[in-house]
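Residue-level structure breakdown
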Amino acid sequence: MENQDKVLALIGYTRKNGNTQALLEDYLKEFAQDKEVDLVDLNALDFKGCIHCDGCLKEPFCRLRDDFSPIYQKIEEANHLVFASPVYFNGVTWLLKKSIDRMQVYFSNPRDWQGKKSACLLLTAGAKPYPDQFTTSYLEGQITLKTLGYSTFTCIQVGDTDRRPYEAGFLRKEAIKIDGINRRKGNQWELIE
Ligand SMILES: Cc1cc2nc3c(=O)[nH]c(=O)nc-3n(C[C@H](O)[C@H](O)[C@H](O)COP(=O)(O)O)c2cc1C
């Protein structure tokens, strides 16, 4: 167990058994079978977003003490980080955004990260495809995961869930381009970038 890769998944969805949970479960099944997985349900935590106290400019840690405090160690120890969120008003949910903002401590105190292997952002959205449906949430995830030392960033996007919910089993490792944006299109995965 000691030398096993650690996957930390920050769960940003607000309802259980929805599209994003099903997508996350498939992702973990395909990509994390041989790894130790730690799921953090952000909705079960009582925590604040960043309040810009600038404490982390004076000391290399976050001064807020709440349920997010123990998550920092998990973030530091993880080799693989997964964010899972529905799109809410074009961005990630408030749960994930609050967590992202708490990572300001790493932006203020850049680290020489070691062992950070892969980062992934899982997104679902309800509406039919429209321009920039995933752009804001993608950028929010990308800047954060880069700040945490991840150079590979895979984004998996499933839109149109109002009409066509995410079907369990649709995500297959062999159809996904690592370090790219993969979007459900019809019965396939389309590589956006
Ligand atoms: C507050 C709120 C805002 C939403 N905003 C968007 C949006 O901007 N674009 C979109 O395509 N879908 C939007 N949706 C739809 C959800 O992204 C979609 O239903 C998603 O798949 C829900 O994930 P879940 O099943 O895991 O809860 C929104 C839903 C809610 C509740």
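Quick look at the structure, then. Everything numeric in this text was worked out from a predicted model, so none of it was measured.

Turning our eyes to something else, we now look at the overall build of the protein chain. Per the secondary structure count, the protein chain includes 6 helices and 7 strands. Mapped from its N terminus to its C terminus, the protein chain presents α and β elements in the order β-α-β-α-α-β-α-α-β-α-β-β-β. The C-alpha atoms of the protein chain give a radius of gyration of 16 Å, which matches the 16 Å a tight globule of 193 residues would have. Counting only C-alpha atoms, the protein chain reaches 50 × 40 × 30 Å along its principal axes. Within the span of the protein chain, comprising 193 residues, buried residues form 49% of the whole.

On to unusual backbone geometry. Positive phi, close to 65°, is recorded for Asp54, a residue that is not glycine. Following the sequence through the fold, Asp54 ends up in the loop between β2 (36–41) and α2 (55–58). Among the residues examined, Asp54 registers a relative accessible area of 31% and is labelled partly exposed. We note that Asp179 has phi near 65°; this positive angle belongs to a residue other than glycine.

Here we come to helix α1 (residues 19–31). Here α1 is 13 residues long and its end C-alpha atoms lie 18 Å apart, about the 18 Å a rise of 1.5 Å per residue gives. Those residues of α1 that are buried lie in contact with β1 (6–11), β2, β3 (80–86), β4 (118–124) and β5 (153–158).

Taken in spatial order, the 7 strands line up as β2-β1-β3-β4-β5-β6-β7 in an open sheet, and their pairing is mixed. Each of the sheet's edge strands pairs with one partner strand only, and the pair in question is β2 and β7 (188–191). Taken over all neighbouring pairs, the strand axes of this sheet differ in orientation by 20° on average, direction set aside. Direction of pairing for strand β6 (residues 181–185) relative to β7: antiparallel, over a ladder of 4 bridges. If you follow Arg184 over to β7, its bridge partner there is Trp189. Set on the sheet, α1 makes contact with β1, β2, β3, β4 and β5; between it and β4 the angle comes to about 150°. Strands in contact with helix α6 (residues 135–147) are β3, β4, β5 and β6; relative to β4, the strand with the most contacts, it is inclined by about 160°.

In this section: the environment of Phe61. With respect to the helices and strands, Phe61 occurs in the loop between α2 and α3 (71–77). The exposure class of Phe61 is partly exposed, given its relative accessible area of 39%. Those residues within four positions of Phe61 in sequence are excluded, and the remaining contacts are Gly55, Cys56 and Val105.

To continue, consider the site of the ligand. The immediate surroundings of the ligand are formed by 17 residues, with Arg15, Thr20, Val87, Thr124 and Thr161 found nearest. Contact distances for the ligand include 2.7 Å between an oxygen atom and a side-chain N or O atom of Arg15. Here an oxygen atom of the ligand sits 2.8 Å away from a polar atom, N or O, in the side chain of Thr124. Here the ligand loses 77% of its free accessible area of 640 Å² to cover by the protein chains. A class-by-class count of the residues in the shell around the ligand yields 7 nonpolar, 8 polar and 2 charged.

The rules we used
- Residues numbered from 1 in each chain as written.
- Predicted model: local features only at pLDDT ≥ 70, side-chain atom pairs only at ≥ 80, totals over all residues.
- Heavy atoms only, no water.
- Helix = DSSP H or I, 4+ residues; strand = E, 2+ residues; numbered from the N terminus.
- Rg over C-alpha atoms; globule rule 2.2 N^0.38 Å.
- Buried < 20%, exposed > 50% of the residue type's maximum accessible area, 1.4 Å probe, protein only.
- Expected span 1.5 Å × (residues − 1).
- Contact = heavy atoms within 4.5 Å.
- Pairing = 2+ DSSP bridges.
- Axes fitted to C-alpha atoms, helices over the stretch in contact; angles between N-to-C directions.
- Near = heavy atom within 4 Å.
- Polar contact = N/O pair within 3.5 Å; in protein donor to acceptor, adjacent residues only side chain to side chain.
- Areas by Shrake-Rupley, 256 points an atom, 1.4 Å probe, with all protein chains shown as cover.
- Nonpolar A, V, L, I, M, F, W, Y, C, P; charged D, E, K, R; others polar.

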